[in-house]
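# Summary of structural features
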Amino acid sequence: MKRYALADEAYRSLRDQDKDQCILITGESGAGKTEASKLVMSYVAAVCGKGQEVNKVKEQLLQSNPVLEAFGNAKTVRNDNSSRFGKYMDIEFDFKGDPLGGVISNYLLEKSRVVKQPRGERNFHIFYQLLSGASDDMLKKLKLERDFSKYNYLSLDSATVSGLDDAANFRTVRNAMQIVGFMEDEMQSVLELVAAVLKLGNLDFKPESRCNGMDESRVKDKNDLKEMCELLGIEQSVLERAFSYRTVEAKMEKVSTTLNVAQAYYARDALAKNLYSRLFSWLVTRINESIRAQAKTRHKVMGVLDIYGFEIFEETDNSFEQFIINYCNEKLQQIFIELTLREEQEEYVREGIEWTNIEYFNNAVICDLIENNQNGILAMLDEECLRPGTVTDETFLDKLNTICAEHQHFESRLNKNSKFLNDHSLPHNCFRIQHYAGKVLYRVEGFVDKNNDLLYRDLSQAMYKANHSLIKQLFPEGNPAKVNLKRPPTAGFQFRASVGTLMGNLQTKNPNYIRCIKPNDKKAAHIFTDSLVRHQVRYLGLMENVRVRRAGYAFRQAYEPCLERYKMLCKNTWPHWKGPARQGVEVLMTDLQVPAEEFAYGRSKIFIRNPRTLFFLEEKRKQCLEDLATLIQKIYRGWKCRSHFLLLKKSEIVVAAWYRRYAQQKKYQKIKHSTTVVQSYTRGWQARKLLRELKYQKKCEEAVTTIAAFWHGTQARMELRRLKQEVRNKHAVTVIWAYWQGTKARRELRKLKEEARNKHAVSVIWAGWQGTKARRELRRLKEEARRKHAVAVIWAYWQGLKVRREYRKFFRANAGRKIYNFTIQRIMQKYFLGLKSNLPSMSPIDKSWPARPYSFLEGVHAELRRIFHLWRCKKYRSQFTEEKKAVYEEKLEASELFKDKKALYPSSVSQTFKGDYLEMVKNPKYQKLSSAIDEKILLADVVNKINRANGKSSPRLFLLTKKSVILADQKTGQVKTSLPLPDLSSVSTSTQSDGFFALKLKEVRRKWFEVYLFF
């Protein structure tokens, strides 16, 4: 229950007084520190606020413990669940006291336990939990078997622990990892690395002689190596070579040496320890990513320190790990002494309180023996590790015997504090330190190697080449692009720096101590060993602490915050005290009638002796706060009721105003409607009256108009009847006359028709007679034409016969050849006339030519094409000036040299060769250089000269005359090199599209030199 009370006090001080707290849980190994830290965190989680987000944070904070215990705890001879690492958790709270997140720091995991465990102890829990609780499919994927005896890294004598269910704990760990925020692939990667460590322990090596007489280590059974490489995604040959060779780098040199069997086993164990240690650090970092508070504002912090307890194993079983653990406990004890025993007594003296000093043991001398930068044990161990030459554990012990020989808390066989003649229990390879908890004998074997914590760079680089998603993160120094030749810091240096940071962090917070007392060494309940408990109470300084607390004051506080907290208990100090704070506190204590022996006034603080007085003040303050809360509630409720009443009143006024407005609007609308109705009836009566008058007046006017209209209508009808009568009389005469005219027309028509019929008959008869005459004449003309054609044909045959008879004598011998020659002449004549009309243009580059009409003219056709091309080329050349001829001669020479040989040549054909590209004569910058050269400059341009020593280029002026080649500086114009042309052996160029060329020179001694240039 004391642990809950202390956790409650720390939480309430954090929440109410805004003071950062830390809870330091100390004690021997197996005293219950880990369980105490769980209870503290569970209590804090239970008393803080609720809510979905808050519950999620609390659950993640609590579930981080099973994960870290599985990977960082192990069974020892003193404890079945011993923390083999130090853990400090900062829990962050908001202003209400609700947890926002946390940050975990870990210190010095005992990674040597991975490869070797003392008798009666186990490896870390996760190995046994994995083999016991994983499903068969998972074990198959991880290439593991459930039998513990298959793995060299697992001790068999304590593989099973009574009361510890590894299978159930494995399920708990997996569930906790899911709650904390691990993804499924991340959990699988973690388990693959755990399986790889187990596989790594099964690797055995055998010696193999080389031709140089040295032994080289080789892996005996490569099956485990193959399975481990498959788990990690590493090529088997790469890792196998890393176990056989070691590369040492120093500045620009690399030396590769072979590893013997002992070195190969050392490399294997070093890789296993580093792999597991880095995996554990990654787990802590990954948990921090999940539980870290997201808000950037300042948080209240409560730190909980659960670190390994003071350990004293059997004689010669205490090694480097126990030395580091006990050093950390010495530092924690020093903080306890500084903040409770020394500082509290000094505060009484400083504040002028009457005080009798209480003596206590100050372990600062032991801390100085270990951590002193000049002569401390850790400093000498680091110095020995960094010293060149042969370094062994024995040389380290010799150095300790030399430097620490006169220290009263250090003993060995060779110093004067060892009592050599009377004490033969101190071995030669050991030293003893008088800690605050007792004497501890340390065996120096392994101190140097464990402090070096050396991992060969070949193994780091092999791990970095893995395809596994997690391995590259764990071995960043294996990146070949980021090779660091600097020696990594030693394990002792890292731990000392971490402890220093931890101590500085603890000193900024208000400390709360939980001292765990181990009742017995049998790990059994209901057994209380008096001597063991008395020893722990004595060396923990609890007796001195109790004496200081009894003689001193339980509570102290500065006057200002004390007055600010309790001023409400006195009417004179409430609500504001205008005088000095101390006078206000004196008035307050006098008004409360607190006995004078229960408190004392210091220079800047008030000291309260008995906690009951503090409880009395807190109870009075609580009652006063309740009264003030009631008063505030009363005033608030009155204000709220008045505000509500005023709101109702204001609302009633507004409603009444709106109603009166509405009523007046309705009344006005009703009066307006009535007035409108009366007005409408009046206007209607007036309109109807006016309408009747207008209608009567209109009827009178319409009556006169109607009478006039009837009269005018009568007159019009009478006139119409008269006109109609006249028209009818005229129409009768017209009709009679029309009938008569029609009769006369019909008679004339019949007469004309008869005459026409008579004339048509005559015409038809005449037409028939004319057709008969025409047909007869046509037949006669056709007969005459046939006779004339026959006469013409006969005459033509006769003329042909006469001609053949006349000329037969001439065609009798060579008629065929003459006909052939005649035909050929006609064809050639036609060919040349066609060629004349289809000749191509006079351009020499025009390659067109008319098509060949006859195959027998192929040779003639080609020859004519050649002659025509030569003729038009001659015509084209006759137009050239002498300057243009010279340019084309240069182009011709360039064509013979570079055509189809240089890829850059086609693009340079259209460019005119200037020679003096720099205009040496016109450019004033180069006039001095031009005047220094007597000969005519044929070529002048800027080139880049390549230095064959380093490949760098420098700009030069390239000048070519008839006798020499000159290279000059581009900026100053100074001649750098002048080479006679007879000394120039040859010029070489590349075939690519570049301006690179080389001048090959020959000196008198017949040695060949080359000058590389490019445009």
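Now for a description of the structure that goes with this document.

Rules and cut-offs
- Residues numbered from 1 in each chain as written.
- Predicted model: local features only at pLDDT ≥ 70, side-chain atom pairs only at ≥ 80, totals over all residues.
- Heavy atoms only, no water.
- Phe/Tyr/Trp six-rings, centres within 6.5 Å; stacked < 30°, edge-to-face > 60°.
- Lys NZ or Arg CZ within 6 Å of the ring centre and 35° of its normal.
- Axes fitted to C-alpha atoms, helices over the stretch in contact; angles between N-to-C directions.
- Helix = DSSP H or I, 4+ residues; strand = E, 2+ residues; numbered from the N terminus.
- Parallel < 35°, antiparallel > 145°, perpendicular 65-115°, else oblique.
- Left-handed = near helix turned anticlockwise from the far one by under 90°.
- Contact = heavy atoms within 4.5 Å.
- Nonpolar A, V, L, I, M, F, W, Y, C, P; charged D, E, K, R; others polar.
- Pairing = 2+ DSSP bridges.
- Salt bridge = Lys/Arg side-chain N within 4 Å of Asp/Glu carboxyl O.
- Polar contact = N/O pair within 3.5 Å; in protein donor to acceptor, adjacent residues only side chain to side chain.
- Buried < 20%, exposed > 50% of the residue type's maximum accessible area, 1.4 Å probe, protein only.
- Arc of directions from axis to C-beta.
- Disulfide = S-S within 2.5 Å.
- Patch = residues over 30% accessible without salt bridge, like charges linked within 9 Å, V, L, I, M, F, W, Y side chains within 5 Å.
- Areas by Shrake-Rupley, 256 points an atom, 1.4 Å probe, with all protein chains shown as cover.
- Lys, Arg positive; Asp, Glu negative; His and termini not counted.
- Charge placed at Lys NZ, Arg CZ, Asp CG, Glu CD.

This paragraph deals with the packing of aromatic side chains. Applying the stated criterion across every chain, the model contains 18 aromatic pairs. Taken together, the ring pairs connect Phe323, Phe410, Phe431, Tyr442 and Phe447 into an aromatic cluster. Of note, Arg122 hangs over the ring of Tyr128, and the distance from its end group to the ring centre comes to 4.0 Å. For Arg286, the ring lying beneath its charged end belongs to Phe182, and the centroid distance is 5.3 Å.

Moving on: the packing of helix 3 (residues 52-72) against helix 6 (residues 166-180). Remark: helix 3 packs on helix 6, axes separated minimally by 8 Å, with the N-to-C direction vectors making an angle of 135°. Judged on the interaxial angle alone, helix 6 and helix 3 are oblique. As helix 3 runs across helix 6, the sense of the crossing is left-handed. Across the interface between the two elements, Glu59, Gln60, Gln63, Ser64, Pro66, Val67 and Ala70 from helix 3 touch Thr172, Val173, Ala176, Met177, Ile179 and Val180 from helix 6. Class assignment for the residues of the contact of helix 3 with helix 6 results in 8 nonpolar, 4 polar and 1 charged.

Before going further, it helps to examine the packing of helix 2 (residues 33-47) against helix 3. Where helix 2 meets helix 3, the axes come as close as 9 Å, and the angle between the chain directions of the two elements is 165°. With respect to helix 3, the element helix 2 is oriented roughly antiparallel. For the crossing formed where helix 2 meets helix 3, the hand is left-handed. Of the residues in helix 3, those in contact with Thr34, Lys38, Met41, Ser42 and Ala45 of helix 2 are Lys58, Leu61, Leu62, Asn65 and Glu69. The residue inventory of the contact of helix 2 with helix 3, partitioned by class, reads 4 nonpolar, 3 polar and 3 charged.

Turning our attention to the sheet that holds strand 4 (residues 86-93). Judged by pairing direction, the sheet is mixed, and its 5 strands sit side by side in the order 5-4-10-1-14 without closing on themselves. Each of the sheet's edge strands pairs with one partner strand only, and the pair in question is strand 5 (99-107) and strand 14 (510-516). Sheet twist, expressed as the average angle between the axes of neighbouring strands with direction ignored, equals 15°. Relative to strand 10 (residues 300-306), strand 1 (residues 21-27) runs parallel, the two being bridged by 5 bridges. The partner of Gln21 across the bridge, within strand 10, is Met302. Lying on the sheet, helix 18 (residues 491-507) is in contact with strand 1, strand 4, strand 5 and strand 10; it crosses strand 4 at an angle near 35°.

Time to look at the pattern of salt bridges. In total, this model carries 28 salt bridges according to the counting rule given. With its nearest N and O atoms 2.8 Å apart, the salt bridge here joins Glu383 to Lys399. Here Lys399 lies in helix 14 (residues 393-403) and Glu383 lies in helix 13 (residues 377-386), a separation of 16 residues in the sequence. Among the ionic contacts, a cluster of salt bridges with common partners joins Arg84, Glu110, Arg113 and Glu121.

Moving on to the side chain of Glu186. For Glu186, the position within the fold is in helix 7 (residues 184-201). In this structure the side chain of Glu186 is engaged in a polar contact, spanning 3.1 Å, whose partner is the side chain of Arg286. The residues contacting Glu186, other than those within four sequence positions of it, are Gly181, Trp282 and Arg286.

So, on to helix 21 (residues 559-566). Those residues of helix 21 that fall on the buried side of the exposure criterion are Tyr559, Cys562, Leu563, Arg565 and Tyr566. The buried residues of helix 21 all sit within an arc of 165° when viewed along its axis, so they share a single face. Pointing more than 90 degrees away from the buried face of helix 21 are the exposed residues Glu560 and Glu564.

Among the residues making up helix 8 (residues 222-232), those that are buried are Asp224, Leu225, Glu227, Met228, Cys229, Leu231 and Leu232. Turning to helix 8, the residues buried within the fold contact helix 5 (136-141), helix 7, strand 7 (215-219), helix 9 (236-242), helix 16 (457-464) and helix 17 (471-474). Positioned one or two residues after helix 8, Gly233 has a phi angle of 70°, which is positive.

This next bit is on the sheet that holds strand 11 (residues 410-411). Strand order in the open sheet formed by 3 strands is 11-12-13, with antiparallel pairing between adjacent strands. On the outer flanks of this sheet lie strand 11 and strand 13 (438-443), each paired with one strand and no other. Packing against the sheet, helix 12 (residues 364-371) makes contact with strand 11 and strand 12 (430-435), and its axis sits at approximately 145° to strand 12.

So, on to the state of the cysteines. Applying the stated criterion to the full structure yields 0 disulfides. Left without a disulfide partner, Cys404 is nearest to the cysteine sulfur of Cys367, which lies 14 Å away. Of all cysteine sulfurs in the structure, the one in Cys404 sits closest to Cys430, which takes part in no disulfide; the separation is 16 Å.

To continue, consider a positive patch on the surface. Taken together, the side chains of Lys874, Lys875, Arg877 and Lys885 present a region of like positive charge at the surface. With 3 residues, helix 25 (residues 858-877) is the single largest residue contributor to the positive patch. On the secondary structure map, Arg877 appears in helix 25. Exposure remark for Arg877: the relative accessible area of 47% places this residue in the partly exposed category.

Once that is clear, we can look at the side chain of Arg956. Residue placement: Arg956 occurs in strand 19 (residues 953-960). For Arg956, a relative accessible area of 16% puts it in the buried group.

With that settled, the discussion passes to the environment of Pro850. On the secondary structure map, Pro850 appears in the loop between helix 24 (815-837) and helix 25. With relative accessibility at 17%, the residue Pro850 sits in the buried group. Distance from Pro850 to Pro840, taken between C-alpha atoms, is 7.8 Å for residues 10 residues apart in sequence. Contact partners of Pro850, with chain neighbours within four places excluded, come to Leu835, Asn838, Pro840 and His861.

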